[in-house]
Structures are given as C-alpha cells and as structure tokens.
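The lines below spell out each chain.
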Amino acid sequence: MASRPQRRSFLLLRERYILRQLFLGLVGITSGAIALIWLMQSLRFVSLVVDRGLSLRVFIQLTSLMIPSFLAVILPITTFLVVLFGYQRMSGDRELTVMQAAGLSPFQLARPAMACALITTILGYILNLWLVPVSYHAFRRYEFEIRNRMAAFLLQDGVFAQLSKDMTVYVRKRDRDGQMHGVFVEDDRMPEARATIIAERGTMMVVDNQPRVVLFNGSRQEIDHHTGRLNVLTFQRNSIDLSSSKQAETEVRDASEMSLPELFHPDPRLVSQRDWGKFAVEGWRRLTAPLTTLSFSMIALVAILSGAFSRHGNIKRPLAAILSVVGLMALSLMLQNLAGRNLGLVPLLWIIAVVPAIGCGYWLFSPKGLTAARKKKHGA
C-alpha cells in the first residue's frame, strides 16, 4: 500500500501530465483552425495587394485584427475536441484504466479537463468582453482608411470608377507621375446639391488619410431644385474630397465593435429602435458563449469516463457527444435569432449554456451516477 504522500504525489503527477497534454493539443488544434480561417477570410483582401499595390505588411496588420474574433468563436469547439479525443486516446492506451486501478475517482480524472475548460472560459470572457470589440473596431477603422487611401489606385484610364455608391470618377488619360487628363466627376453625396464636375487635368493627394483630387481649368454644374435652372461655375483650381460622406461613416456601425454597455444601452442616433433587441441579444451572447466551453467539455468527459472500456474502441459515445454539441450550437443560433424579436427568450440562452454542464457533472460525480457507471462496467 502506498502512503498518503506518495498517493498525493502520484495524483499531482498524473494531473499535470493530463493537463499538459490537453494544453498542447489545444494550442495545436486552435492554431491550425485559426490559420485556416484566417487564410479563407483574408482572400477577400488579396485584391488590395495584387491589383492596388497594398504592401504585404499592411495586409498582415489588417487581417491580423480579425484573429481575436475567430478565436472567440472556435475556442469552445477546440476545447471540446481536445478533451474528447485526448481522453479517448488515453482510454484506448489503457492509461485511464491504470489510473482507475490506482484508485483515482472520476472527479480526479476529470479535474485536468475541468481546469483546462475553466481557463479557456476565462479567456473567452476576456475575448468577448474586451479584446474582440476593440480589435474589430480597429479593423473597421483601418479598413476604412485603407479603402479611402486606395481611391487613387481605383482611377484607371478610360474607366468609370465608382468610388462609392454616390460618387463616380472618369479619367481619360493618366501619366506615370500621377497627372490626370480629362477628368469627369459625378458627385451625389449631397442629394439636394448633386454636381457634375469636368476638368482639363488633375492630380491626386492624401490629406489626413483622406484622398483628395486637385482639379485645374474646369467647371462645376449643378441644377437648382427650386428654379430648375442649370448653374455653371468655372474654376482654375478646385479640390474635391473622394472619401465617403461623414454621415454615412457614422451611421454604419456593427454590433461586434460595440462594448457591452453600448449593446444594452445603444445610442438612438446610431441604432434604430427596432434593432435594439438584436443588440441586446449580442450582449447576452457575449455573456453566455464562454460558458458553453464548460458544457461542451463536460459532455466530452461523460462520453469517455462514464462508459466501459472496450479493446476494439467505442465510436458510439464520442459520436453521440459530437452530435450533442452540434445540436446545442444549432439550438443556440436559432434562439439568438428568435430572441432578437422576443427578448423573453433570453433566459433560454443561459439554460443552453449552463444546464448541460450541471447535468453532466451530476451524472458523472453524483453517487447515483457513480453507481450506474460501476454497474455498467461490471455488466460489460
């Protein structure tokens, strides 16, 4: 019989071993998944590098700002997979059988996975409540500035370039030094004062991250909506801002870049009242999503630790665990869509996130659950 200090030392060594294996697997799987998702999502920005001369450094800086949002989404899933297949491997190698024979209880066997899930849950809260909104807001601002600065590259010889939904620019000829000849601009950013501008030549410059074109020897034509007369103003030198209107910039703001207080108490000037429910649901989703990491991990533990050992392996329990997690994710997405129209369904989001962890913990660690597991093993 091993003494109590020896038993405690053995227990700590086994827990550290399992925890180290779980973290190594978690880092590997999560890194691979993030790299794949980043590659797929960044393809829509490749045209900025290939066609418009954006540097590779700026491209990497821009797309890297999306990584925290990817991590927040896949972390519960990768944690579940690491716990499920990590413990399944140890069961297949009979490591769990040896530990159980040494007197380790299901709680002691599950403690490393629960510690791993708890750490990833805390990381999930850090991501959802702070890092994701900050990084996504920086991504949106950076993308806006880059697309404004890229307006100069959109202007090609003999092509009507639509810089935005309310501005079109045509250049007949463009020299290597950037000098433009035969410039035509259709500016509809102000509906009450739509203008058509024609100039002999022009040049592009960037002022405060905003693209501007300086025109020479041209005319500006506007129609007076009150009198219906055409007003023509000739000029020798004129400057035009090619960026989108400030009003359009402030109106479009995504819920993903808002903080938690902004989601629960949105600014009526930025968010219409009919969308308040969707923003509130996004806030509740950030509070409940990290908790699914605990529930998914407990489902994986029940699938592995509550069943009898099989020499030929048992695919039914891992498959049932995977289907259960997929079902919970689908149900959560459905409830988020429904709760956007009916906030009374928000408590169901908490139930889906928390109840599976409580139920699996009761099944795995309660005296009744332990008795049922022993009977199943003896029966096998």
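None of these values were measured; they are calculated from a predicted model.

A closer look at helix H3 (residues 56-64)
Point 1. Three or more residues of H3 are buried, namely Val58, Phe59, Leu62 and Thr63. Around the axis of H3, the buried residues are gathered within 125° of arc, so they sit on the same side. Turned more than 90 degrees off the buried face of H3, the exposed positions are Leu56 and Arg57.

A closer look at the pattern of salt bridges
Point 1. Counted under the stated rule, the structure contains 8 salt bridges.
Point 2. Note that Arg89 and Glu95 form a salt bridge whose closest N and O atoms lie 3.4 Å from each other.
Point 3. Residue Arg89 is classed as partly exposed on the basis of its relative accessible area of 36%.
Point 4. Residue Glu95 is classed as buried on the basis of its relative accessible area, which comes to 15%.
Point 5. Salt bridges sharing partners connect three or more residues here, namely Arg14, Arg89, Asp93 and Glu95.

Some words on the pairing of strand S2 (residues 167-174)
Point 1. In terms of strand pairing, strand S1 (residues 160-164) meets S2 through 4 bridges, oriented antiparallel. Bridge assignment links Phe160 to a residue of S2, and that residue is Tyr170.
Point 2. Joining the antiparallel neighbours S1 and S2 is a turn of 2 residues.
Point 3. Strand direction decides the pairing type here: S2 and strand S3 (residues 180-187), joined by 7 bridges, are antiparallel. Considered in S3, the bridge of Arg174 is made with Met180.
Point 4. Hairpin connection, S2 to S3: the antiparallel pair is bridged by 5 residues, and Gly178 has positive phi, about 95°.

Things to note about the layout of surface pockets
It is a probe the size of a water molecule, rolled over the atoms, that shows where empty space is left.
Point 1. In this structure, the second largest pocket occupies an estimated 670 Å³ of space.
Point 2. Around the second largest pocket, the lining is made up of 25 residues, and of these Ala72, Val73, Arg285, Ala289 and Gln336 lie nearest the centre.
Point 3. Secondary structure elements with two or more residues in the lining of the second largest pocket: helix H4 (67-92), helix H6 (106-149), helix H10 (276-288), helix H11 (292-305), helix H12 (316-339) and helix H13 (346-365).
Point 4. It is H4 that provides the largest number of residues to the lining of the second largest pocket, a total of 6 residues.
Point 5. Of the residues contributing to the lining of the second largest pocket, the split by class is 15 nonpolar, 7 polar and 3 charged.

Section: the UniProt feature "transmembrane region" (unreviewed entry) in the protein
Point 1. Feature annotation in UniProt places "transmembrane region" (unreviewed entry) on residues 21-39, 59-87, 108-131, 287-307, 319-339 and 345-365, given in this structure's numbering.
Point 2. Structurally, residues 21-39 comprises 100% helix and 0% strand, and the distance from its first C-alpha atom to its last is 27 Å.
Point 3. For residues 345-365, the end-to-end C-alpha separation is 31 Å, with 95% helix and 0% strand making up the annotated structure.

Some thoughts on empty space enclosed by the protein
Point 1. If you walk through the whole model with that rule in mind, you get 2 cavities of 30 Å³ or more.
Point 2. As for the largest cavity, its lining consists of Ala72, Leu75, Pro76, Thr120, Gly124, Asn128, Ala289, Pro290 and Thr293.
Point 3. Those elements that provide at least two residues to the lining of the largest cavity are H4 and H6.

Observations concerning the packing of aromatic side chains
Point 1. A full pass over the atoms with the stated rule returns 7 aromatic pairs.
Point 2. Here the aromatic rings of Trp284 and Trp350 are separated by 6.2 Å at their centres, their planes lie at 75°, and the arrangement is edge-to-face. Taken together, the residues Trp284 in helix H10 and Trp350 in helix H13 connect sequence positions 66 residues apart.
Point 3. On the accessibility criterion, Trp284 (29% relative accessible area) is partly exposed.
Point 4. Here the aromatic residues Phe160, Tyr170 and Phe184 are joined through ring pairs into a cluster of three or more.

Some points on the packing of H10 against H13
Point 1. One can describe the packing of H10 onto H13 by two numbers: an axis separation of 10 Å at closest approach and a directional angle of 15°. Here H10 is positioned roughly parallel relative to H13, judged by the angle of their axes. For the crossing formed where H10 meets H13, the hand is right-handed. On H13, the residues that touch Trp284, Leu287 and Thr288 of H10 are Val346, Leu349, Trp350 and Ala353.
Point 2. Classifying every residue of the contact of H10 with H13 by side-chain character gives 6 nonpolar, 1 polar and no charged.

Conventions and cut-offs
- Residues numbered from 1 in each chain as written.
- Predicted model: local features only at pLDDT ≥ 70, side-chain atom pairs only at ≥ 80, totals over all residues.
- Heavy atoms only, no water.
- Buried < 20%, exposed > 50% of the residue type's maximum accessible area, 1.4 Å probe, protein only.
- Helix = DSSP H or I, 4+ residues; strand = E, 2+ residues; numbered from the N terminus.
- Arc of directions from axis to C-beta.
- Salt bridge = Lys/Arg side-chain N within 4 Å of Asp/Glu carboxyl O.
- Pairing = 2+ DSSP bridges.
- 1 Å grid on protein atoms, 1.4 Å probe; cavity = no way out; pocket = protein on both sides within 12 Å on 5 of 7 lines; lining within 4 Å.
- Points joined across faces, edges and corners; volume = space filled by probe spheres on them.
- Nonpolar A, V, L, I, M, F, W, Y, C, P; charged D, E, K, R; others polar.
- UniProt positions renumbered as here; feature names shortened; annotations may be inferred.
- Phe/Tyr/Trp six-rings, centres within 6.5 Å; stacked < 30°, edge-to-face > 60°.
- Axes fitted to C-alpha atoms, helices over the stretch in contact; angles between N-to-C directions.
- Parallel < 35°, antiparallel > 145°, perpendicular 65-115°, else oblique.
- Left-handed = near helix turned anticlockwise from the far one by under 90°.
- Contact = heavy atoms within 4.5 Å.

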